[in-house]
Amino acid sequence: MNKRQLIQSFLAASALSFGLGTAYAQTTPIKFQLDWRFEGPGAFFTHPAAKGYFKAAGLDVTVDAGNGSGGAVTRVASGAYDMGFADLAALMEFHANNPDSPNKPVAVMMVYNNTPASVMALKKSGITKPADLTGKKMGAPVFDAGRRSFPIFAKANNIGAVNWTAMDPTLRETMLMRGDIDAITGFTFTSLLNLEARGAKTADVVILPYPDYGVKLYGNAIIASPKLIKENPAAVKAFLQAFTKGAKEVIASPAVAIESIKARDGIVNSELETRRLKLAIDTVVNTPDARAEGFGQINAGRLALMASQVSDAFGTKTRVNPDAVWNGSMLPTSAELNILRK
């Protein structure tokens with residue numbers, strides 16, 4: 001190899017080394033915690049990951065299954081995860097009960113503009129409206145979002161005292177079907193399909209969605225650690241942009257998006273999870289409230305009211321500060337967020 005060839009080889013190697021270094025420098029690892037198992041709604045995150053949208057944005061995103069919103073909040077707070085998906089009420093409760101925590105997660109994008117919580121009963125119970133719940137036996141896991149916020153629902157609808165029974169999530173719908181309890185709280189798109197799987201017909205189930213009965217709580221939001229927001233806000237913004245691109249496709253083609261869930265958990269029933277995803281889209285994502293406020297965004301007055309309601313219903317140590325739980329400065333542009341269809 002002559003001198004000229006040696007120089008060219010050196011320059012080529014240097015260029016390759018520089019290019020790789022640049023690529024590595026631009027790739028930010030993000031550990032993301034879902035609120036629940038790999039079910040239909042999780043496609044909002046697994047789909048953009050599978051399509052390579054996060055990777056194209058310079059992010060190395062790992063999406064892990066969860067076991068509840070409370071867990072997602074605490075894992076981001078602990079630093080084990082950088083971002084997550086959690087019920088806003090659970091985030092508010094954490095803030096108000098841990099005022100001195102140095103790493104309180106912050107909501108950066110609203111996904112479920114309305115809470116998915118509802119009360120469900122079988123028609124044979126005679127329950128047709130909220131007032132009928134007074135004196136009834138109700139059941140839900142102690143950490144269920146609908147159960148935690150039931151005092152808000154009860155106050156809005158003048159419901160008297162009810163008798164609660166706690167159980168494991170896997171037994172909730174079974175106990176309702178057996179008649180051990182009169183009604184349950186839960187996410188509509190979860191419990192309705194679980195009841196069907198246990199032999200109930202949709203026509204035989206009474207559904208009392210919280211948003212339809214005066215409870216305009218927000219549902220699940222994307223949350224991020226304050227450390228990530230402070231040190232790399234560009235990464236958070238890139239995540240939200242890639243997520244929004246994927247969310248548009250999920251809303252347009254739920255059945256296609258479910259393929260990414262099936263890839264993560266091969267035993268899921270694709271048809272069932274597609275139905276679950278469509279229910280989630282129709283009841284909490286692509287809603288009149290979401291279209292009015294804009295996908296991913298919030299209404300400040302509504303957020304403040306929710307903060308006050310959660311403080312009262314959850315009996316928090318301190319009052320929830322709505323300004324401390326929300327940061328919308330990294331959201332995509334209004335044009336990019338315009339993904340909902342009437």
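Note: the structure precedes this text.
Values in this document were obtained by computation on a predicted structure and should not be read as measured data.

1. Concerning the overall build of the protein chain
Phase 1: A tally of regular secondary structure across the protein chain gives 17 helices and ten strands.
Phase 2: Radius of gyration (C-alpha) of the protein chain: 22 Å, near the 20 Å computed for a compact globule of 342 residues.
Phase 3: Viewed in the frame of its principal axes, the protein chain has a C-alpha envelope of about 95 × 45 × 35 Å.
Phase 4: Taking all 342 residues of the protein chain together, 51% fall into the buried category.
Phase 5: For the protein chain, contacts bridging at least 24 residues in sequence account for 81% of all contacts bridging at least 6.

2. Quick notes on unusual backbone geometry
Phase 1: Its identity is not glycine, yet Asn158 carries a phi of approximately 55°, on the positive side.
Phase 2: The residue Asn158 is located in the loop between helix H7 (150–156) and strand E7 (163–165) in this model.

3. Description of the nonpolar core
For soluble globular proteins, nonpolar side chains are generally found buried alongside one another.
Phase 1: Formed by 97 residues in total, the largest nonpolar core has its most connected members in Ile222, Phe239 and Phe243.
Phase 2: Counting residues per element, this core draws most heavily on helix H11 (residues 233–252), at ten residues.
Phase 3: Once residues within four sequence positions are removed from consideration, Phe243 is found in contact with Phe44, Phe45, Pro48, Phe54, Met109, Val111, Ile222 and Phe295.
Phase 4: Counting eleven residues, the second largest nonpolar core, distinct from the first, contains Met175, Ile181, Ile184 and Leu195.

4. With respect to the pattern of salt bridges
Phase 1: Applying the stated rule across the entire model yields 13 salt bridges.
Phase 2: The residue Asp289 makes a salt bridge to Lys216 at a minimum N-O spacing of 3.0 Å. Placement of Asp289 in helix H14 (residues 288–293) and of Lys216 in the loop between strand E9 (205–209) and strand E10 (220–224) is noted, with a sequence separation of 73 residues between them.
Phase 3: A salt bridge links Arg319 to Asp312; its shortest N-O distance comes to 2.7 Å.
Phase 4: Taken together, the salt bridges that share partners define one network made up of Arg37, Glu39, Glu273 and Arg276.

5. Concerning the packing of aromatic side chains
Phase 1: As enumerated under the stated definition, the model contains 14 aromatic pairs in all.
Phase 2: Seen from their ring centres, Phe32 and Phe239 are 5.3 Å apart, and the 20° between their planes marks the pair as stacked. Taken together, the residues span a long stretch of sequence, with Phe32 in strand E1 (residues 28–33) and Phe239 in helix H11 at a distance of 207 residues. Like Phe239, Phe32 is buried.

6. A look at the environment of Ile152
Phase 1: Among the secondary structure elements, Ile152 is positioned in helix H7.
Phase 2: Each C-alpha atom of the pair Ile152 and Asn286 lies 24 Å from the other, and the pair is 134 residues apart in sequence.
Phase 3: Setting aside anything within four residues of it in sequence, one finds Ile152 in contact with Val215, Leu217, Gln309, Val310 and Ala313.

7. Notes on the packing of helix H2 (residues 43–50) against helix H12 (residues 254–264)
Phase 1: Where H2 contacts H12, the axes come no closer than 8 Å and their chain directions differ by 90°. The angle between H2 and H12 places the two elements in the roughly perpendicular class. Contact with H2, carried on its side by Ala43, Thr46, His47 and Ala50, involves Ala257, Ile258, Ser260, Ile261 and Arg264 of H12 and no other residues of that element.
Phase 2: Considered class by class, the residues forming the contact of H2 with H12 number five nonpolar, three polar and one charged.

8. As for the sheet that holds strand E3 (residues 83–87)
Phase 1: A sheet is described by the order of its strands in space; here five strands give the open sequence E2-E1-E3-E10-E4, paired in mixed fashion. Each of the sheet's edge strands pairs with one partner strand only, and the pair in question is strand E2 (59–64) and strand E4 (106–110). Sheet twist, expressed as the mean angle between neighbouring strand axes with direction ignored, is 30°.
Phase 2: Sheet analysis places E1 next to E2, joined by six bridges and oriented parallel. Each residue of the ladder has a partner; that of Gln33, found in E2, is Asp64.
Phase 3: In the packing of H11 onto the sheet, the strands contacted are E1, E2, E3, E4 and E10, and the crossing angle to E4 comes to about 30°.

Basis of the calculations
Residues numbered from 1 in each chain as written. Predicted model: local features only at pLDDT ≥ 70, side-chain atom pairs only at ≥ 80, totals over all residues. Heavy atoms only, no water. Helix = DSSP H or I, 4+ residues; strand = E, 2+ residues; numbered from the N terminus. Rg over C-alpha atoms; globule rule 2.2 N^0.38 Å. Buried < 20%, exposed > 50% of the residue type's maximum accessible area, 1.4 Å probe, protein only. Contact = heavy atoms within 4.5 Å. Core = buried A, V, L, I, M, F, W, Y, C linked by side-chain atoms within 4.5 Å. Salt bridge = Lys/Arg side-chain N within 4 Å of Asp/Glu carboxyl O. Phe/Tyr/Trp six-rings, centres within 6.5 Å; stacked < 30°, edge-to-face > 60°. Axes fitted to C-alpha atoms, helices over the stretch in contact; angles between N-to-C directions. Parallel < 35°, antiparallel > 145°, perpendicular 65-115°, else oblique. Nonpolar A, V, L, I, M, F, W, Y, C, P; charged D, E, K, R; others polar. Pairing = 2+ DSSP bridges.

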